[in-house]
Amino acid sequence: MFAGSILSADLLDLGNDIKSALDAKIDIIHFDVMDYHFVQNLTFGPGLLKSIRKRFPEAVLDVHLMVTPITEKILVDYAQAGASMISFHPEATPHVDRYLALIRELGCKAGLALNPSTDPSLLKYLWDRLDFVLVMTVNPGFGGQSLIPATLQKITDVRRMATASNVKPLIEVDGGVSPATVKACAVAGANIFVVGSAFFGKDNYVEALKDLNQALEQ
Ligand code: DX5
Ligand code: ZN
């Protein structure tokens, strides 16, 4: 499955751009929330998410929170605004277990996002709470960066840990995914591929998805 990151979309014409992406059959719309604290960038709030949900009632909206601290209010706000999936980073709260549980109580799929240097070992205590794991394949904050090769091992490690615990979470990879890197991510065990510059950064979304799918099949 491919998740188009609107970080690389035409922000002044976002509604039409999302419509084109959905018409091209992108599976998921990835919504990067940045707060100038967790990362050195500032992006979107729940008001925008609510407008997207209103215009696209059937879309799968994937909210990736790069904010600190995570609070109950933030999770409630994005869930009420229409999120389908919500992930946050463990460094952003001492209450990872509680907040993953809350995301599900709010009716969304719950995910934990891991920076390139974050040890995934805490996942073994959290499988019951997790629908997906987001493995960052770049340092978060900006689109258009190159995938960090060591993060492929992280994907493999997370998939192995899950299999050893008899669970099958979705593994989402985020950062530097392109026709050149997507196959290696899939082989390592990922099944949701976030694409910003390799999708919204292209002129033709149908062609962009075709190139990504072809790379996967090779
Ligand atoms: C980076 C974001 C990503 C970003 C990916 O912090 O979490 O979702 O949009 O962009 P590309 O695909 O261009 O690396
Ligand atoms: Zn993201």
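The structure reproduced in this document is the subject of the present report.

Conventions adopted
Residues numbered from 1 in each chain as written. Chains lettered and ligands numbered in written order. Predicted model: local features only at pLDDT ≥ 70, side-chain atom pairs only at ≥ 80, totals over all residues. Heavy atoms only, no water. Donors = N, O, S within 2.8 Å, 3.2 Å for Na, K, Ca; no water. Helix = DSSP H or I, 4+ residues; strand = E, 2+ residues; numbered from the N terminus. Core = buried A, V, L, I, M, F, W, Y, C linked by side-chain atoms within 4.5 Å. Buried < 20%, exposed > 50% of the residue type's maximum accessible area, 1.4 Å probe, protein only. Contact = heavy atoms within 4.5 Å. Pairing = 2+ DSSP bridges. Axes fitted to C-alpha atoms, helices over the stretch in contact; angles between N-to-C directions.

Of the protein atoms, only His30 (NE2), Asp32 (OD), His64 (ND1) and Asp174 (OD) coordinate the zinc ion (ligand 2), at distances of 2.1 to 2.3 Å. For the zinc ion (ligand 2), all donor residues lie on one chain, and their spacing in sequence is H-x1-D-x31-H-x109-D. Separated by 32 residues along the polypeptide, Asp32 in strand 2 (residues 28-34) and His64 in strand 3 (residues 61-66) bring together distant segments of the chain.

The next point concerns the nonpolar core. Across soluble globular proteins, nonpolar side chains show a tendency to be buried alongside one another. Ile6, Phe31, Val63, Leu65, Ile86, Phe88 and Phe199 are the most contacted members of the largest nonpolar core, which totals 69 residues. Among all residues touching Leu65, those that are not within four sequence positions of it are Val33, Ile70, Ile74, Leu75, Tyr78, Ile86, Ser87, Phe88 and His89. Ranked by size, the runner-up nonpolar core spans six residues in total, among them Ala3, Ile28, Met85 and Ile192.

Taken in spatial order, the eight strands of this closed barrel run 1-2-3-4-5-6-7-8, and their pairing is parallel. Sheet twist, expressed as the average angle between the axes of neighbouring strands with direction ignored, equals 25 degrees. The pairing of strand 6 (residues 132-136) with strand 7 (residues 170-174) spans five bridges and is classified as parallel. The residue of strand 7 that forms the bridge with Val135 is Val173. Contacts between helix 5 (residues 150-164) and the sheet are confined to strand 5 (109-114), strand 6 and strand 7, with strand 6 contributing the most and set at about 165 degrees to the helix. Here helix 7 (residues 205-217) sits on the sheet and contacts strand 1 (2-5) and strand 8 (192-195); the angle it forms with strand 1, its principal contact strand, is near 140 degrees.

So, on to unusual backbone geometry. Residue Pro69 follows Thr68 across a cis peptide bond; omega there is -5 degrees. In this fold, Pro69 is placed in the loop between strand 3 and helix 3 (72-81). Positive phi values are uncommon outside glycine, yet Tyr36 reaches one of about 70 degrees. Turning to its location among the elements, Tyr36 is positioned in the loop between strand 2 and helix 2 (46-55). Phi at Asn166 takes a positive value of approximately 65 degrees, unusual for a residue other than glycine.

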